[in-house]
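# Fold and geometry: a report
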Amino acid sequence: MMYFPVFTQIEGKRCLIMGGGKVAARKVHTLLQYGADIVVIAKKVCDEIKEVLPEKSIFEDFIKNAESDFLEKEIQKAVLVVAATSSREENHRVAELCHAYHILVNVADSEAESSFIFPSVVRKGNISIGINSGTGSPAVSKQIRCQIEKAVPDYYADIAIFMGELRQYVKANFEEEAMRRYILKTAAAKAFSKERVLTENEIKEIIRQGQND
Ligand SMILES: C[C@@]1(CC(=O)O)C2=NC(=C\c3[nH]c(c(CCC(=O)O)c3CC(=O)O)Cc3[nH]c(c(CC(=O)O)c3CCC(=O)O)/C=C3\N/C(=C\2)[C@@H](CCC(=O)O)[C@]3(C)CC(=O)O)/[C@H]1CCC(=O)O
Ligand SMILES: NC(=O)c1ccc[n+]([C@@H]2O[C@H](COP(=O)([O-])OP(=O)(O)OC[C@H]3O[C@@H](n4cnc5c(N)ncnc54)[C@H](O)[C@@H]3O)[C@@H](O)[C@H]2O)c1
């Protein structure tokens, strides 16, 4: 299955993880990096999760029938849900509820029931590179991630921050779109060729050239 990559903002937003084992811990780790407000519900929650989430975000000893209304309400508060229990029946139930409420759901043991799947992620500062094999083979994604990690140097993150700030400045100070494009494209090309952020003088020079052309 081929997936369209979307970069979504989850900072401060509720993400519900159903299940508290190895897979749940990996998804908690990924979502935490992006500032999600995570809640975990499971029969048993592993130490790795307890170490990174506050007690109020963990609902352990969850028993399906007695508290089914609780789960449904928690699902409705979430922007995305992960069904990662070791019970096929439970994962299926969570998936059905999410589909009924049109809430994004990742089902750890069923790609077919998932409305989104997790990419393998390379992070360099604010830069995020997501990888998906398109064949349901996480081992392939992991190999590609390792190659990209080696190929993308840390200073790219500094250039990204620098270019983000330059872009705000250029948008605020230059009315003509062609000029904005010239400055930003030239500055990015120059920063990457010099393998560092540009100095104020180098930026002034680019602006001068743009105005003379
Ligand atoms: C990328 C990554 C993101 C993440 O989870 O954070 C990810 N799985 C990762 C690791 C990993 N997954 C598995 C192992 C054991 C080795 C192996 O089996 O290969 C390892 C550990 C390892 O490889 O070290 C087994 C496995 N995976 C799935 C099932 C269920 C099934 O197949 O039904 C089973 C059990 C199969 C069985 O029972 O045997 C399903 C999915 N896993 C996906 C993503 C989606 C497809 C991604 C794609 O196609 O690119 C998809 C469809 C749904 C989803 O989970 O979103 C992360 C790499 C992190 C990194 O970069 O290191
Ligand atoms: N997507 C992936 O990358 C990936 C990788 C490996 C395995 N899997 C699949 O993910 C699932 C979870 O794997 P794991 O290694 O995290 O298992 P695990 O045994 O480490 O954890 C299972 C968790 O589910 C909880 N649980 C079980 N039944 C429950 C129920 N009825 N209600 C609430 N909580 C319940 C347990 O308390 C535990 O917290 C399995 O189905 C496995 O096949 C997916």
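Residues numbered from 1 in each chain as written. Chains lettered and ligands numbered in written order. Predicted model: local features only at pLDDT ≥ 70, side-chain atom pairs only at ≥ 80, totals over all residues. Heavy atoms only, no water.

As annotated in an unreviewed UniProt entry, the protein chain carries the name precorrin-2 dehydrogenase and comes from Anaerobutyricum soehngenii. Recorded in UniProt for the protein chain, the comment headed Pathway (unreviewed entry) runs: "Porphyrin-containing compound metabolism; siroheme biosynthesis; sirohydrochlorin from precorrin-2: step 1/1." (UniProt positions renumbered as here; feature names shortened; annotations may be inferred.)

So, about the overall build of the protein chain. Each helix and strand counted, the protein chain has 8 helices and 7 strands in total. The C-alpha atoms of the protein chain give 22 Å as radius of gyration, which overshoots the globular expectation for 213 residues (17 Å, by more than 25%). By residue count, 35% of the 213 residues in the protein chain fall in the buried class. Just so you have it, the protein chain exposes about 13,200 Å², and 53% of that area is on carbon and sulfur atoms. Here the protein chain contributes 29 positively and 30 negatively charged side chains, and the mean placements of these two sets differ by 3 Å. (Helix = DSSP H or I, 4+ residues; strand = E, 2+ residues; numbered from the N terminus. Rg over C-alpha atoms; globule rule 2.2 N^0.38 Å. Buried < 20%, exposed > 50% of the residue type's maximum accessible area, 1.4 Å probe, protein only. Areas by Shrake-Rupley, 256 points an atom, 1.4 Å probe, with all protein chains shown as cover. Lys, Arg positive; Asp, Glu negative; His and termini not counted. Charge placed at Lys NZ, Arg CZ, Asp CG, Glu CD.)

Next up on the list: the pairing of strand 2 (residues 37–41). Across the 5 residues that make up strand 2, a large majority, 4, are buried. Where strand 1 (residues 14–18) lies against strand 2, 5 bridges are found, and the strand directions are parallel. Pairing of methionine 18 across the sheet is with isoleucine 41, part of strand 2. Crossover strand 1 to strand 2 through helix 1 (residues 22–32) is right-handed. Sheet topology note: the strand 2/strand 3 (residues 58–59) ladder contains 2 bridges and is parallel. If you follow valine 40 over to strand 3, its bridge partner there is isoleucine 58. (Pairing = 2+ DSSP bridges. Right-handed = clockwise from strand over helix to strand, strands pointing away.)

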